[in-house]
Amino acid sequence: MKLRRLVCGDIHFQWKYGFYFIYFVLTVIYVFGITALPDNWKHNAAAIMIYSDPAAMGLFFMGAIVLLEKSQKVLHAIAISPAKVSEYILAKVFSLMFISCVVALILGIAAGNKNLSGIIIGTALTSSIFTMLGIMAATKIANLNQFLIVIMPIEILCFVPPIAGLFTDLPEILRFFPFMACMNLITGYSQNPFLDLVLVLAANFVLYPAAHKMVSKMWRSIGGVKI
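A short tour of the structure in this document, coming up. (Residues numbered from 1 in each chain as written. Predicted model: local features only at pLDDT ≥ 70, side-chain atom pairs only at ≥ 80, totals over all residues. Heavy atoms only, no water.)

## As for a nonpolar patch on the surface
On the surface, Phe21, Ile22, Phe24, Val25, Val28, Ile29 and Phe32 cluster together to form a nonpolar patch covering roughly 700 Å² of accessible area. Relative to the helices and strands, isoleucine 29 is located in helix H2 (residues 19–35). (Patch = residues over 30% accessible without salt bridge, like charges linked within 9 Å, V, L, I, M, F, W, Y side chains within 5 Å. Areas by Shrake-Rupley, 256 points an atom, 1.4 Å probe, with all protein chains shown as cover. Salt bridge = Lys/Arg side-chain N within 4 Å of Asp/Glu carboxyl O. Helix = DSSP H or I, 4+ residues; strand = E, 2+ residues; numbered from the N terminus.)

Spelled out as structure tokens, the structure:
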């Protein structure tokens, strides 16, 4: 029940601050861009768009979200409420995952992609990873400039190999890199879908306790106490 309310609260927060409007506009632009491309370019172009934007939304916007919550004392209220840290994290993950999957599905359809189920699964799990990375980065910042500096190396690490892998052969060892697995699930190019799925799930399970620990510390720093 608390999780459902937190998810609804996050969706309302995102609606209020224009997340849905922004992604409506971006989706229209992306769809026009995809349809203007030659047919043999559409698949990879859509995959890059999905991976680097809707799937990575949590990484880009989490700093602004947490800073807004801090400035409006939302975090203070949540920290002293019966809500758990796990529910706070999962609410962020599920609410952003919803937008990510809707946009990804539209882009996949626009590109004529037949791997729609793979796109949804890949985008959902990738979105979860990026949202937790964004949460972890956001717990350490006091302003948006700090957040941008923190996530810059994360973006390079997470985006360059998977996107480069669509156009060139990379070292075989990188097939075990979780973000390569994310891109494989989205594109449907995977040589071993089960391995890619395991890698992406493992990345989620590893990041969750780290995000939980860092959010707990942030709550304690603003006076949140769990009795």
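That was the structure; now back to the text.
## Some remarks on a positive patch on the surface
A grouping of Lys140, Lys213, Lys217 and Arg220 is seen on the molecular surface, where their side chains present a positively charged patch. As for its placement among the helices and strands, arginine 220 is situated in helix H10 (residues 193–221). Arginine 220 sits in the exposed class, given a relative accessible area of 56%. (Lys, Arg positive; Asp, Glu negative; His and termini not counted. Charge placed at Lys NZ, Arg CZ, Asp CG, Glu CD. Buried < 20%, exposed > 50% of the residue type's maximum accessible area, 1.4 Å probe, protein only.)

## Regarding the packing of aromatic side chains
The full count for this structure, using the stated rule, is 11 aromatic pairs. Taken together, Tyr51, Phe60, Phe130, Phe159, Phe177 and Phe179 form an aromatic cluster joined through their ring pairs. Against the face of phenylalanine 176 rests arginine 175, its NZ or CZ located 5.7 Å from the ring centre. (Phe/Tyr/Trp six-rings, centres within 6.5 Å; stacked < 30°, edge-to-face > 60°. Lys NZ or Arg CZ within 6 Å of the ring centre and 35° of its normal.)

## Section: H10
Between the first and last C-alpha of H10 there are 42 Å, a value that for 29 residues agrees with the 42 Å anticipated at 1.5 Å per step. Considering only its buried residues, H10 is in contact with helix H4 (57–71), helix H5 (74–79), helix H6 (85–110), helix H7 (116–138) and helix H9 (178–187). (Expected span 1.5 Å × (residues − 1). Contact = heavy atoms within 4.5 Å.)

## Some details on the packing of H4 against H7
Orientation of H4 relative to H7, taken along the N-to-C sense of each, is 45 degrees, at an axis distance of 8 Å. Looking at the two axes, H4 sits oblique to H7. Here H4 and H7 pass one another in a crossing that is right-handed. On H7, the residues that touch Gly58, Leu59, Met62, Gly63, Val66 and Lys70 of H4 are Phe130, Thr131, Leu133, Gly134, Ile135 and Ala138. (Axes fitted to C-alpha atoms, helices over the stretch in contact; angles between N-to-C directions. Parallel < 35°, antiparallel > 145°, perpendicular 65-115°, else oblique. Left-handed = near helix turned anticlockwise from the far one by under 90°.)

## With respect to the side chain of serine 128
Of note, serine 128 is situated in helix H7. By relative accessible area, which is 9% here, serine 128 ends up buried. Not counting the four nearest positions on each side in its chain, serine 128 is found in contact with Val93, Met97 and Asn204.

## Focus on the state of the cysteines
One pass over the structure, following the stated rule, counts zero disulfides. Cysteine 101 carries a free sulfur, and the closest cysteine sulfur to it, the one in cysteine 182, is 12 Å from it. (Disulfide = S-S within 2.5 Å.)

## A few points about the environment of phenylalanine 61
Mapped onto the fold, phenylalanine 61 is located in helix H4. Under the relative-accessibility criterion, phenylalanine 61 is labelled partly exposed at 22%. Along the backbone, phenylalanine 61 and phenylalanine 167 are 106 residues apart, and their C-alpha atoms lie at a distance of 28 Å. If near-sequence neighbours (up to four positions away) are discounted, phenylalanine 61 is found in contact with Phe19 and Tyr23.

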